[in-house]
Every structure is written in C-alpha cells, then in structure tokens.
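# Structural features, examined
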Amino acid sequence: MLGLAPHPAHRTGVSRAFFLRSPFVELAVASVFEGGRSLPFPLARGLCIVQPVAEPWTPDTEQALVARAREGDRSALGVLLTRFGPMLYRSVLLPRLGNPGVAEQALGDAYVRVVERIATFQWQGSGFYPWLRTIALHIAIDVLRARRREVLFEPEDLEREVEAAERDVERESMSEAVAERRDLEVARAKLAAALDEIHPRYAAAIRMRVVEERSREEAASQLGVSTATFDVILHRAMTALRKVIATTDPKRERP
Amino acid sequence: MSPKDPDPSAFPDPDDPPSEAELAAAAELRRALERGSSGPVNADWALVEAVRAASRPAPIAETTHRRIMNKALSKPTKGRVLYLALGGLASAAAIAAALALVVRGTRPAPEIAAAPAAVCRSAAELFPDGFATTGGTSDRVDRIAYARARDLRENRFAAWGVR
C-alpha cells in the first residue's frame, strides 16, 4: 500500500517532495525551498506527516483493493478487513454465536479462510462484504454444530441465511449497510420470538434486566415484587427461555 | 412434542414459592449480573450473554480486531506452503537423481554378457515322444507356456545381472 510518488506540493513551488501513501496517512519527504532559503516545518526538509487521507470509499476503491489482495497484497486485504471486519463481528458473528470470545475466535477463523481463498474471489457487483459474510456464516455454522452452550440460533438458521446470501449476490442488490441492518434485525426478531414463547412476566424480567440492563430495583418495582422475588423470577425466566430454545432443537445436547 | 409446542414448564407461575436450589441459582445469577461476568460455571450467564449479543451486540475493540486481523494476515497461505513444499521436494528429487546418475556412472557395468540370454527354440524339444494328432491340446499349450515363461524369467534375470 505504500508507494513513492511526486507529492502534490510539487505543483505549489516546492522543489522536491516525495511521499509514502497509505489509506491512513501520508508521509512526505520534502526538500522545500522558497526564495533560496529552506522553510521551517511543515515545509522543511525531513520526514513529516502531511495529512490524513480521507478518500471516500467507492466501489472502484474497493475493487482495486480486492484486485491487489487477490495478487497477494496483504496490506490491501488488511484495509478491506479493517473496514468490514468490525461490522461482520457485531452484526453477524456475535448475535449468532452469543459469546464475545467465541465470536472473536470465529472472526479469526474467517480471516484465515479469507487469506487462503482471496485469490479465488471473483469480483461481483455486490462487492467484497457479501463474500466475507458468507465465509463467516459458514464458520459460524461449524461453531454452532460443535458447541453445546445456549444460543438462540441453530445451524439450520444460518444455512438458510447462506442460501439467501447467495441469492442476494446473484441479484447484486445488497449493500453492506443493508446487510448489517438486516442481520441485526434478524437477531432481534429471533430473540423476540423466543421471549414470546415464555410467560409474559418472565419475558418482561429478561427484557428489563438483561436486554435493557435496568437496575434490579427498578425492574423489581416495574413487576411489583421485592428484589429478592425478582431474582427468583429472573432465574426462572432464564430457565424457561432455555427450555424454549431447547424445544426448537430436540436433538441438541445440553450441558 | 413438536417444535411448535413449547415445553409447558416454560409457563410456570412466577409466584410459586422457590426451592432452595432456585434461591441459590437466583443469587448466583444476581451476583453475575452485578459483576458483569460469570463464575466458573453458570448456565444462566451463558444465556444472558446470548440474549445481549442478539439484542444489543457490542462492537469489537479496535485493538482486539487488529490483533485478530494481524494474526490471520501474518499466516502463509496453504497454497504457498504447498508450493514451497512441492518445490523443495522436486528440487531434492532432482538432486538425488543427478547424484544417482553420477554415482552409477562411475561404477563398472555389470557383466551381463557373461550370462547369455536364453535362446528361443522349437517347441518340438518339449515333446520328444511326439504327440497324438487329436486330443491333448490344452496339455500341450500348458507345457509350451510353462517352458516359455521359464525362458522369459531366465532372460530377465540375465538382463538384470542376477544370473
């Protein structure tokens, strides 16, 4: 990603200037003279940070980065992962795997698979993110099949998402922003459906104390019970929710 | 029970008196929520994390993401490892073959000529008493095939220098 090229300052009367350019910063090596005398920083000779680069992210930018990544440019791949990885973690992996540590591990596995397969990636109009997301979903399916802790999603849920993603890629209709919003909505809808299956007071306890992270006292007051009674209600609510989740997949082994 | 019919135990009366085990588990969950983390084993906490991850997933820390990404990017691809391994093996095989040629070239050739190859001969010698003009065809063919196979072995052994 780093390159050496005449700096734009060359056009403004600077005698010699070169810069190292990355997506984040421009480093300039400049010999600047004006009127026969050298000028102080930032126009003096030396290595200096000229300006942060804030180029707009366009499909052309992305496609160029993908092309370089396919040729083995790891820094270009790093730029792509830096842009899309956090979104992938927050909207796809964490909601579906239900645990930050597990989601981070899955993200790492997805990145390793991306590194291995980027050379085979064929650019399509929908961009890099759908491909990355599909890889992550496949990783998440494997994780869900192997693990034994409570999660809201089943491997079959993610398989359906993979099939839908492939249809979306064919239609070239899914931007990463749309995909992120939809992924988050799917997770929230999954939780809402599970809460609808338990006693309304249990669902209210979980919503207030776990989802909204209200205080124990406030949640107990809303339910009209003492804090000690609320603790029991919340524990029973979690037990009921666990049973509902297990009911949707009778084959799943529980600890 | 079908997946559409949830376990009726998911709908107990929330106001039923709690058991000792429920009180202990409720206290454990309360402490975990106050700490923001679970103890060694807490099934409720795993579900708390799953619910929070589905409803309000927290973003990944930038340093954590960078560590994960750098680790993946620093790994050589399997393809590259495979190419390097195959390249190394091919080079080693080529060197070994060249050395073998050199070594074999310096050794004296085996004295193949000292063991003359078996010569082909008429099948008549296999039947010194002659044979009937009719019948016994299979026996004659077997006898000839056996004799010629033996000749072939002898020729090969002679060519290999083991005779």
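What counts and how
- Residues numbered from 1 in each chain as written.
- Chains lettered and ligands numbered in written order.
- Predicted model: local features only at pLDDT ≥ 70, side-chain atom pairs only at ≥ 80, totals over all residues.
- Heavy atoms only, no water.
- pLDDT = per-residue confidence, 0-100.
- Helix = DSSP H or I, 4+ residues; strand = E, 2+ residues; numbered from the N terminus.
- Contact = heavy atoms within 4.5 Å.
- Salt bridge = Lys/Arg side-chain N within 4 Å of Asp/Glu carboxyl O.
- Polar contact = N/O pair within 3.5 Å; in protein donor to acceptor, adjacent residues only side chain to side chain.
- Nonpolar A, V, L, I, M, F, W, Y, C, P; charged D, E, K, R; others polar.
- Expected span 1.5 Å × (residues − 1).
- Buried < 20%, exposed > 50% of the residue type's maximum accessible area, 1.4 Å probe, protein only.
- Arc of directions from axis to C-beta.

## Some thoughts on the confidence of the model for chain B
All names here are of chain B. The predicted model of chain B has a mean per-residue pLDDT of 77, with 71% of residues at 70 or higher. Averaged pLDDT values for the elements of chain B fall to 74 in helix H4 (residues 78-106) and rise to 94 in helix H3 (residues 62-73). Contacts of residues 1-6 to residues separated by more than four positions or lying in other chains number twelve contacts, the stretch itself having pLDDT below 50.

## Here we look at unusual backbone geometry
With phi around 55 degrees, A:Glu213 is a residue other than glycine that occupies positive phi space. Note that A:Glu213 resides in the loop between helix H7 (200-211) and helix H8 (216-223).

## Some remarks on the interface of chain B and chain A
Counting from both sides, the interface comprises 54 residues of chain B and, opposite them, 56 residues of chain A. Applying the counting rule to chain B against chain A returns four salt bridges. Between B:Arg30 and A:Asp231 there is a salt bridge whose closest N-O contact spans 3.4 Å. Linking chain B with chain A are 14 residue pairs in polar contact (both at pLDDT 80 or more). When residues of the side of chain B that touches chain A are traced back to their parent elements, those giving at least two are helix H1 (20-35), helix H2 (43-55), H3 and H4 of chain B. Top contributing element to the side of chain B that touches chain A by residue count: H2(B), with twelve residues. Across the side of chain B that touches chain A, the residue classes break down as 31 nonpolar, seven polar and 16 charged.

## Remarks on H1(B)
Residues and elements named next belong to chain B. With 16 residues, H1 should cover 22 Å at 1.5 Å per step; its first-to-last C-alpha distance of 23 Å lies within 8% of that length. If you check which residues of H1 are buried, you get Ala 26, Leu 29, Ala 32 and Leu 33. One face of H1 carries all of its buried residues, which in axial projection span an arc of 125 degrees. One or two steps after H1, the chain reaches Gly 36, where phi turns positive at roughly 85 degrees.

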